[in-house]
Amino acid sequence: MSEFTIFENALIVTCDESHKTIENGAMIIRGREIFWVGPAEELPQEQRSAAKIIDAGGKILMPGLINTHAHCGDTLFRGLVEDLPLEQWLQTIWKAEAEVLGDAEICRLGVELGFAELLSGGVTSVMDNFWHPDQTFLAAQDAGIRLATGGIFFDFDGMDGNGPENRQKDAAELFDRFGENDEMFVGTMPHGTYTVGPENLRGAINLANERGGFFSIHAAETKVEQATIQERYQTSVIRHLSALGGLSQNTVLAHCVHVDDEELDLMAKTGTHVAHNPLSNLKLASGFAPIMEMQKRGINVTLGTDGAVSGNDMDMWLAMRLAATIHKAATENPSAVTAGEALHMATLNGAKALGAESYLGSLEVGKRADFILLNHSGAHASPMFNPINHLVYSATKGDVNDVFVSGRQLVKDKQLLTLDLSDICTKARALQPRIMAALKENPKEVRA
Ligand SMILES: [Zn+2]
């Protein structure tokens, strides 16, 4: 095999800080890194003569998307229950989860189903939060997707059949087992401030700090959550986390819908990152995150899909489009969240949240070769005056043709190369009767 691979005849969207695009571009990769990227006419000839050459057919070549908040295993419960108030909805979902998720193999099946969906849709990195995270790491190593996950913390017995007394030890073990793999990110992932008390939260924060990992938690998602923390600790969610030492440049807070100015200042001052999940916030009626206020303060805003029970699909193209539209309506400002800003949320900003902007998030020399090829020959892409506007306002996950992570091809002509999609789907469907039977114990809680 040749040392170099050259992609020619590509419309390159680099997603670098300056949003550079190259109309007739080429990119050379060597091993897992980008060796050269630029206009076709400047392509270095010494590499060309010895390289494997791939004609991109005029497709858009851009960085893979980075999803900073997902629960891949929840794909097993997609569409199970809808249109209920949050608390009632959660009770039903948790009942279904409790039926099957004690089984580590079933958890792995769920994350594989999620990975299949993410990779097909052009996502090359995902921060995932789910039971049996060791299984998620193993599945990611096999599938080739770049994963950030870590030990779950929960003050009650979890869906995995594990209790709170083991969480700290289990989380530490993940650093031992997977911390050396420089294609992965290990952190700690307490569920939320209302499900994890101060002592266990401090444990999770300290472990992440000691081991140089990230710390990620659901924060300030709903008004009910803020009221609970106010009643329990006479403070707000973000202030509570701040007092525990949980805000830092290694922290990724999912949601941050209900936050006041002082809390935003605290987040900005500490370099805390936000994972914005617009579809989940819309569907669960959580509200509108104050994204413009975050941007004004220089807070790094990234994008997530949340799980498939709160958004039904894990579509980062939809997340981008919603991020670039709902805040315009919410603030009555058509300039709120531009296309370029939304695209950065799903690429370079995600890399920053992972502490990996030096090697992920854009197509630049020396960075890892995490990239995708996108068709833009359809009716919804013709004409295309500006590729960045197209990517955010009209491209869809169905346009994704090829996906590479660290130079390894994982999707070729829309076919997954590392996951057996038909086998995964068959097994997921086979679980349906068992899940439905578990819910029938209390049919009032289910509304199809
Ligand atoms: Zn979530």
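Position numbers for residues count from 1 along each chain, tracking the sequence in the order it is written. Local features in this predicted model are restricted to residues of pLDDT 70 or higher, and side-chain atom pairs are both shown and tallied only at a pLDDT of 80 or more, whereas totals for entire chains, interfaces and linings draw on every residue. Based on all heavy atoms of the structure, the side-chain values leave hydrogens and waters out of the count.

### A look at the packing of aromatic side chains
Okay, step 1: Within 6.5 Å between ring centres, the rings of Phe, Tyr and Trp (the latter by its six-membered ring) count as paired, and their orientation is classed by plane angle as stacked under 30 degrees, edge-to-face over 60, tilted in between. Tallying each qualifying case throughout the model produces 8 aromatic pairs.
Okay, step 2: Summarising the aromatic geometry, the rings of Trp 131 and Phe 154 are spaced 5.6 Å apart at their centres and angled 85° between planes, so their arrangement reads as edge-to-face. Highlighted residues: Trp 131 in the loop between β7 (123-128) and α4 (133-143) and Phe 154 in the loop between β8 (146-153) and α5 (167-178), separated in sequence by 23 residues. With respect to burial, Trp 131 and Phe 154 carry one shared label: buried.
Okay, step 3: Residues Phe 137 and Phe 178 carry aromatic rings whose centres are separated by 4.4 Å and whose planes lie at 15° to one another, so their mutual orientation is stacked. One end of the pair, Phe 137, is in helix α4; the other, Phe 178, is in helix α5, and 41 residues separate them in sequence. Assigned by exposure class, Phe 137 and Phe 178 land together as buried. Under the scheme used here, helices are H or I runs from DSSP no shorter than 4 residues and strands are E runs no shorter than 2 residues, and both carry numbers assigned from the N terminus. Relative accessible area decides the class of each residue, using a 1.4 Å probe on protein chains only: under 20% of the type maximum gives buried, over 50% gives exposed, and in between gives partly exposed.

### Remarks on the coordination of the zinc ion
Okay, step 1: With water excluded from the atoms, a metal site may look incomplete; its donors are any N, O or S atoms within 2.8 Å, or within 3.2 Å for Na, K and Ca. All of the protein donors around the zinc ion are His 69 (NE2), His 71 (NE2), His 218 (NE2) and Asp 306 (OD); their distances to the metal are 2.1 to 2.4 Å.
Okay, step 2: If you list the donors of the zinc ion from N- to C-terminus, the spacing comes out as H-x1-H-x146-H-x87-D. Of this pair, His 69 sits in strand β6 (residues 65-70) while Asp 306 sits in the loop between β13 (300-303) and α12 (316-323), and the two are 237 residues apart along the sequence. A single burial state applies to His 69 and to Asp 306, both of which are buried.

### Some thoughts on the pattern of salt bridges
Okay, step 1: One side-chain nitrogen of Lys or Arg within 4 Å of one carboxyl oxygen of Asp or Glu is enough to make a salt bridge. According to the stated counting rule, one finds 28 salt bridges in the structure shown.
Okay, step 2: Note that Lys 352 and Glu 17 form a salt bridge whose closest N and O atoms lie 3.1 Å from each other. Residue Lys 352 is located in helix α15 (residues 348-353), and its partner Glu 17 is located in the loop between β1 (4-13) and β2 (21-30); the two are separated by 335 residues in the primary sequence.
Okay, step 3: According to the relative accessible area criterion, Lys 352 is partly exposed, its value standing at 24%.
Okay, step 4: Glu 17 gets classed as exposed once you look at its relative accessible area, which sits at 56%.
Okay, step 5: For Arg 177, the salt bridge goes to Asp 134, with nearest N and O atoms at 3.7 Å. Taken together, the positions of Arg 177 in helix α5 and Asp 134 in helix α4 put the pair 43 residues apart, joining distant regions of the chain.
Okay, step 6: Relative accessible area serves as the criterion here: at 48%, Arg 177 is assigned to the partly exposed category.
Okay, step 7: Judged by relative accessible area, Asp 134 falls into the partly exposed class, the value being 21%.
Okay, step 8: Salt bridges sharing common partners tie together Arg 32, Arg 146, Asp 182, Glu 183, Arg 368 and Asp 370.

### Quick word on the environment of Ser 382
Okay, step 1: Assignment of secondary structure puts Ser 382 in the loop between β14 (371-374) and α16 (387-393).
Okay, step 2: In this view, Ser 382 contacts His 376 and Ser 377; residues no more than four positions away in its chain are not counted.
Okay, step 3: The term polar contact refers here to a pair of N or O atoms within 3.5 Å; inside protein, the definition further demands a hydrogen-donor-capable atom paired with an acceptor-capable atom, and it admits residues adjacent in sequence only when both atoms are side-chain atoms. A polar atom in the side chain of Ser 382 sits 2.9 Å from the backbone oxygen of Gly 378. The contact rule is simple, with two residues in contact once any of their heavy atoms fall within 4.5 Å.

### Structural notes on the domain arrangement of the chain
A common way to report how large an interface is uses the accessible area buried once the components associate.
Okay, step 1: Boundaries between domains were set according to an automatic or database domain assignment. Domain assignment breaks the chain into domain 1 (4-63 + 361-416) and domain 2 (65-353).
Okay, step 2: Placing a centre on the C-alpha atoms of domain 1 and another on those of domain 2 gives a separation of 29 Å.
Okay, step 3: Contacts between the two partners involve 33 residues from domain 1 and, on the opposite side, 37 residues from domain 2.
Okay, step 4: Here the quantity called buried area is the accessible surface, traced with a 1.4 Å probe, that two parts lose on coming together, added over both. If you sort the residues of domain 1 by the area they bury against domain 2, Val 392, Tyr 393 and Lys 397 come out on top, with a joint share of 25%.
Okay, step 5: At the surface where domain 1 touches domain 2, the tally comes to 7 salt bridges.

### Some thoughts on the sheet that holds strand β10 (residues 214-219)
Okay, step 1: Here we have 8 strands laid out as an open sheet, ordered β6-β7-β8-β9-β10-β11-β12-β13, and parallel in their pairing. At either end of the open sheet lies a strand with only one pairing partner, and these are β6 and β13. Here the average twist between neighbouring strands, direction ignored, is 25°.
Okay, step 2: Paired strands, as defined in this entry, are two strands with at least two bridges between them according to DSSP. In this sheet, β7 lies alongside β6 in parallel orientation, the contact comprising 4 bridges. Axes here refer to lines fitted to C-alpha atoms; in helices the fit is confined to the stretch in contact. Angles between the N-to-C directions go from 0 to 180 degrees.

### What about the environment of Ile 34?
Okay, step 1: Here Ile 34 shows up in strand β3 (residues 33-39).
Okay, step 2: Assessed through its relative accessible area of 2%, Ile 34 is described here as buried.
Okay, step 3: Residues Ile 34 and Ala 285, 251 residues apart in the sequence, show an inter-C-alpha distance of 42 Å.
Okay, step 4: In this structure, Ile 34 is in contact with Met 27, Ile 28, Ile 29, Ser 362, Leu 363, Glu 364, Val 365, Gly 366, Lys 367, Arg 368 and Ala 369, ignoring residues within four places of it in sequence.

### Points about the packing of helix α3 (residues 104-120) against α4
Two packed helices can be described by the angle between their axes and the distance between those axes.
Okay, step 1: Interhelical geometry of α3 versus α4 gives an angle of 45° and a closest axis separation of 9 Å. By the criterion of interaxial angle, the relationship of α3 to α4 is oblique. For the pair α3 and α4, the crossing hand works out as right-handed. When α3 is examined against α4, the residues Ala 104, Arg 108, Val 111, Glu 112, Phe 115 and Leu 119 are found in contact with a partner set consisting of Gln 135, Thr 136, Leu 138, Ala 139, Ala 140, Asp 142 and Ala 143. Angle categories are assigned with fixed cut-offs, so that under 35 degrees is roughly parallel, over 145 is roughly antiparallel, 65 to 115 is roughly perpendicular, and the rest are oblique. Definitions for this section: a left-handed crossing has its near helix turned counterclockwise from the far helix by less than a right angle. A right-handed crossing has that turn clockwise.

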